[in-house]
Amino acid sequence: MLERIFKLSRCGTDVRTELLAGITTFMTMAYILAVNPMVLGETGMNSGAVFTATALISAVASFFMGFAANLPFVLSSAMGLNAYFAYTVVKGMGYSWEMALAAVFTEGIIFIVLSMCNIREAIFNAIPANLKQAVSVGIGLFICFIGLQNAHISVAASTLVTGYSFHQSIASGNFHTEGITVLLALIGILVMAFLVIKQVKGNILVGILITWGLGIVCQLLGIYRPDPAAGYQSLIPTGIISAPASLEPTFMKMDFSALMDGRTLDFVVVIFAFLFVDMFDTLGTLIGCASKANMLDKDGKLRGIKGALFSDAIGTLLGACAGTSTISTFVESSSGIAEGGRTGLTSVTAGILFLCALFFSPVFLAIPAFATAPALVLVGFFMMQQVTRIQWDDTLEAMPCFICIFAMAFMYSISDGIAYGIISSTVLNVLSGRRDRVTPLMCILSVFFIVKYIFI
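Every chain's residues receive numbers from 1 upward, in the order its sequence appears when written. Reporting in this predicted model follows two pLDDT cut-offs: at least 70 for local features of residues, and 80 or more for side-chain atom pairs to be given and counted; totals over whole chains, interfaces and linings ignore these cut-offs and use all residues. With hydrogens and water set aside, each side-chain value is computed from the structure's full complement of heavy atoms.

Student: Whenever I open this one, the overall build of the chain confuses me. Can you help?
Tutor: Across its full length, the chain carries 20 helices and 4 strands. Compactness check: the chain gives a C-alpha radius of gyration of 22 Å against a globular reference of 23 Å for 456 residues, within 12% of the reference. For the C-alpha atoms alone, the extent of the chain along its principal axes is close to 65 × 60 × 45 Å. For the chain, buried positions account for 55% of its 456 residues. Excluding contacts between residues fewer than 6 apart, the proportion of contacts in the chain whose partners are at least 24 apart in sequence is 80%. With the model as given, the accessible surface of the chain reaches about 18600 Å², and the carbon-plus-sulfur share is 67%. Charged-residue counts in this description rest on Lys and Arg as positive and Asp and Glu as negative, His and the chain ends being excluded. In this description, the location of a charge corresponds to atom NZ of lysine, CZ of arginine, CG of aspartate or CD of glutamate. Distance from the positive charge centre (23 side chains) to the negative charge centre (25 side chains) of the chain: 7 Å. Only DSSP runs of H or I reaching four residues or more are called helices, and only runs of E reaching two or more are called strands; each is numbered from the N terminus. Only C-alpha atoms enter the radius of gyration; for comparison, a globular chain is expected to reach 2.2 Å times N to the power 0.38, where N is the number of residues. Throughout, exposure labels follow a simple rule: accessible area from a 1.4 Å probe, protein chains only, divided by the maximum for the residue type, with under 20% read as buried, over 50% as exposed, and the rest as partly exposed. Contacts are residue-level and defined by heavy atoms, with any inter-residue pair within 4.5 Å sufficient. Areas reported as accessible are Shrake-Rupley estimates using a 1.4 Å probe. Residue values count occlusion only from the protein chains shown.

Given below as C-alpha cells:
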C-alpha cells in the first residue's frame, strides 16, 4: 500500500530508507518543541498549550505535505517568525498574543488564496534575488541576538548591551543561579558547533540534551542552585510521560480588535511581515532542498509544488487556531533528504514522531533556556550562510541588502528590516537610472511602507 500511495519505486527509494530519513529529519528539528514554548511563552502564552499546538500542527502540516505533495519536507513553527511574533509584534509593538494569532490566522487565509491563484510565485519573482537572501541573513542575526539575550550572555548596559560579567556575578553571589547558566550556555554553543563540524545527525537536538545534562549534573553537585522566585527552576523533570497539555488556554483565542480600533494599517503591516518572511523562507527551503535531492526538472520546476505551498498555508491557518506561530517548511528537511528521503513517507514518518512527542511534554518543558539558547545561535549561523549568495561586488544590489540586514539586527525588528530593504532598493535604483530593475510591485510596497512610517 505504501508503494501505491508514495510511488517509492518510481522515486528510487524504499520503505526503510524513507523511515530512516523521517527519523533523521525529526531528530534535527525536534528542538522546536523545546524552543517554541519558551519563545512564545515570553508573551504570556501557556507553555504547555503551545507545546501541544506545536507538536500537533507540525504533525498535521507534515501529513498534508506527505499525502498532498508526496515530498520529503517537514513543517513546524518557523524559527525567526516565532521570534518576530513574540519579540516584535507582542513585546515591541504592544499587541496582545491573541492579536498576534489573529495576524497569523489572516496570513494563513491570504496564503491559501495566493496559492490557489499562483500569485506567490509572481510575488517571489518581483523581489530582487539578493534582497531575498538578505532577509534570511538579517533574521539569522536577529535570532542569534535573541539567543544571546535569552542565555544572558548579552545583557543591558549603559552602552545598550554588553557581555555578561562573571566577576560581578561571583561578587554579587548569584553565580550559582545566573552565572553558571551563562557558562553552560557558552559551553552549549561550543558543543553544538563541534557536533555540526563533525556532521553528527541531530546535532542541535543532541547539543540541547548535552547542555541540559551538564546542567542537571551541576544541580546534583550543588553548583547550580534552583531559585524559583528568581526564575531559576529545577532542571530535573517532574516526570517523563504524561497526557498532552490541554489546548484550551490558546485554542481559538484570536483577537481581531486591532482592525477596529484605529490600528488597521499597523496590523496590516504585521500581517505582511509574516506573509513576506514565510513566503520566501518556504520557497527558498523548497528550492534549496529540492536542488540537493535533484528533484527539479530541466526547467527548474518542482513536482507537487502547489501541494507543498498549500501545506504551509493550511498549517499556518490551523496553527493560529490551535495557538502557535506561523508554520513553515524547515531547512532541516535536507538532513532527511541526505539520508535518501525522496517521497512523502519521509514527512509522514516525522509527523508521526511529532504526535508521539505529545506524551513526553514534562521532558521537553523542563529543558531550560540556557540549553535552548545555543540552538538559536546555531540556527542564526545556518541562516547567515546565505550572505555569500549576495552580489557584494554590485554596490547597487548590495547596499539595500546591507540596510535590510543591519535594520533587522540593530533595530530589533524583522519588519523594519524588510521595509528598509525594499524602500532603499526602489529609491536607489530609481535615482541611479536603473528603473528597469524596479518592478511595479516593488514600487507599491515601497509607497506602502513610507506611508506607514509617516502616519504611524
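Student: What is the right way to read the pattern of salt bridges from this model?
Tutor: For side chains bearing opposite charge, pairing can occur when the charged atoms are close. Any carboxyl oxygen of Asp or Glu within 4 Å of a side-chain nitrogen of Lys or Arg constitutes a salt bridge here. On inspection of all chains with the given rule, the structure shows 5 salt bridges. K91 is the partner of E42 in a salt bridge, and the nearest nitrogen-oxygen pair spans 3.0 Å. One end of the pair, E42, is in the loop between α3 (32-41) and α4 (47-69); the other, K91, is in the loop between α5 (81-90) and α6 (97-116), with 49 residues separating them in the sequence. Exposure remark for E42: the relative accessible area of 36% places this residue in the partly exposed category. Here D436 ties to R434 by a salt bridge, and the two come within 3.2 Å at their closest N and O atoms. Taking relative accessible area as the criterion, D436 reaches 61% and is therefore assigned exposed. By relative accessible area, which is 31% here, R434 ends up partly exposed.

Student: Explanation requested: the nonpolar core in the structure shown.
Tutor: For this analysis, a nonpolar core means a set of buried residues of the types Ala, Val, Leu, Ile, Met, Phe, Trp, Tyr and Cys, connected via side-chain atoms within 4.5 Å. If you look at the biggest cluster of nonpolar residues, it comprises 136 residues, and the most contacted ones within it are Y31, F73, M79, F85, F274 and I418. With 15 residues, the top contributor of residues to this core is helix α12 (residues 264-292). Residues contacting Y31, with those up to four places away along its chain left out, are M79, I204, L205, I208, F330, E332, A375 and V379.

Student: Sorry if this is basic, but what is going on with the layout of surface pockets here?
Tutor: Empty space left among the atoms is revealed by rolling a probe the size of a water molecule over them. Here a cavity denotes a set of grid points, spaced 1 Å apart and computed over the protein atoms alone, in which a 1.4 Å probe fits but from which it cannot get out, and a pocket denotes an open set meeting protein on both sides within 12 Å along at least five of seven lines; residues with an atom within 4 Å of a point are reported as lining. Grid points are joined across faces, edges and corners, and a volume is the space filled by probe spheres set on the points. One number sums up the size of the second largest pocket: a volume of about 680 Å³. Secondary-structure elements contributing two or more residues to the lining of the second largest pocket are α3, α8 (129-150), α10 (175-197), α16 (361-365) and α17 (369-384). Top contributing element to the lining of the second largest pocket by residue count: α3, with 4 residues. Considering only residue class, the lining of the second largest pocket consists of 18 nonpolar, 9 polar and 2 charged. Throughout, the ten residues Ala, Val, Leu, Ile, Met, Phe, Trp, Tyr, Cys and Pro are labelled nonpolar, Asp, Glu, Lys and Arg are labelled charged, and all others, Gly among them, are labelled polar.

Student: So what exactly am I meant to see when it comes to the packing of aromatic side chains here?
Tutor: Ring pairs (aromatic) are described by centroid distance and by the angle formed between their planes. Whether two aromatic rings pair depends on their centres lying within 6.5 Å, for rings of Phe, Tyr and Trp, where Trp uses its six-membered ring; planes under 30 degrees apart make the pair stacked, over 60 edge-to-face, and the rest tilted. A full pass over the atoms with the stated rule returns 12 aromatic pairs. Here a set of aromatic residues connected by ring pairs shows up, and it is made of Y84, F85 and F274.

Student: How should unusual backbone geometry be read in this particular structure?
Tutor: Note: most residues except glycine have negative phi, and most peptide bonds are trans. Even without being a glycine, H152 presents a positive backbone phi close to 65°. Take H152: it is sitting in the loop between α8 and β2 (154-157). Even without a glycine there, the phi angle at Q199 is positive, about 55°. The residue Q199 is located in the loop between α10 and α11 (203-220) in this model.

Student: What exactly am I supposed to notice about helix α2 (residues 15-29) here?
Tutor: In an α-helix, one full turn covers 3.6 residues, which means residues spaced three or four apart are oriented alike. With 15 residues, α2 ought to run about 21 Å at 1.5 Å a step, and its terminal C-alpha atoms sit 21 Å apart, in line with that. For α2, every residue scored as buried is listed here: T17, E18, A21, G22, T24, T25, F26, T28 and M29. Packing partners of the buried residues in α2 comprise α3, β1 (75-77), α14 (333-338) and α15 (344-357). By the N-cap criterion, in which a side-chain oxygen at the helix start approaches the backbone nitrogen of a residue two or three places on, α2 is capped by D14, the distance to R16 being 3.3 Å. Expected span, for any helix, means 1.5 Å times one less than how many residues it has. Nitrogen and oxygen atoms within 3.5 Å of one another constitute a polar contact, given that in protein one can donate a hydrogen and the other can accept it, and given that sequence-neighbouring residues count only through two side-chain atoms.

Student: Even after reading the chapter, I still don't get α15, so can you show me in this structure?
Tutor: For α15, built from 14 residues, the straight-helix expectation of 20 Å at 1.5 Å per residue is met to within 8% by its first-to-last C-alpha distance of 20 Å. Of all 14 residues that make up α15, 10 are buried, and the element is covered over most of its length. Buried residues of α15: G344, L345, T346, S347, V348, T349, A350, G351, F354 and A357, and no others.

Student: Is there a simple way to explain the environment of D416 in this structure?
Tutor: Relative to the elements of secondary structure, D416 occurs in helix α19 (residues 414-431). With relative accessibility at 16%, the residue D416 sits in the buried group. Excluding its chain neighbours within four sequence positions, the residues that come into contact with D416 are A407, M411, K452 and Y453.

Student: What should I look at first to understand the packing of α4 against α15 in this one?
Tutor: Two measures define how a pair of helices packs: the angle their axes make with one another and the distance between the axes. As a rule, the C-alpha atoms of each element are fitted with a line to give its axis, helices using only the stretch in contact, and angles between N-to-C directions run from 0 to 180 degrees. In the contact formed by α4 and α15, the axes pass within 8 Å of each other and the chain directions differ by 160°. Taken as axis vectors, α4 and α15 run roughly antiparallel relative to one another. The two elements α4 and α15 meet at a crossing, and its hand is left-handed. From α4, F51, A55, L56, S58, A59, S62, F63, M65, G66 and F67 reach across to α15, where they touch G344, S347, V348, G351, I352, F354, L355 and A357. Its residues placed into classes, the contact of α4 with α15 shows 12 nonpolar, 6 polar and no charged. Note on angle classes: values under 35 degrees are labelled roughly parallel, values over 145 roughly antiparallel, values of 65 to 115 roughly perpendicular, and the remainder oblique. Each crossing is labelled by how the near helix is turned from the far one, with a counterclockwise turn of less than a right angle marking it left-handed and a clockwise turn marking it right-handed.

Student: Explain the side chain of T316 here, please?
Tutor: Within the secondary structure, T316 sits in helix α13 (residues 305-322). Its relative accessible area of 0% is what places T316 among the buried residues. In terms of polar contacts, T316 uses its side chain to reach the backbone carbonyl oxygen of I327, at 3.1 Å. Every residue in contact with T316, bar those within four places of it in the chain, is listed here: V104, E107, G108, D278, T326 and I327.

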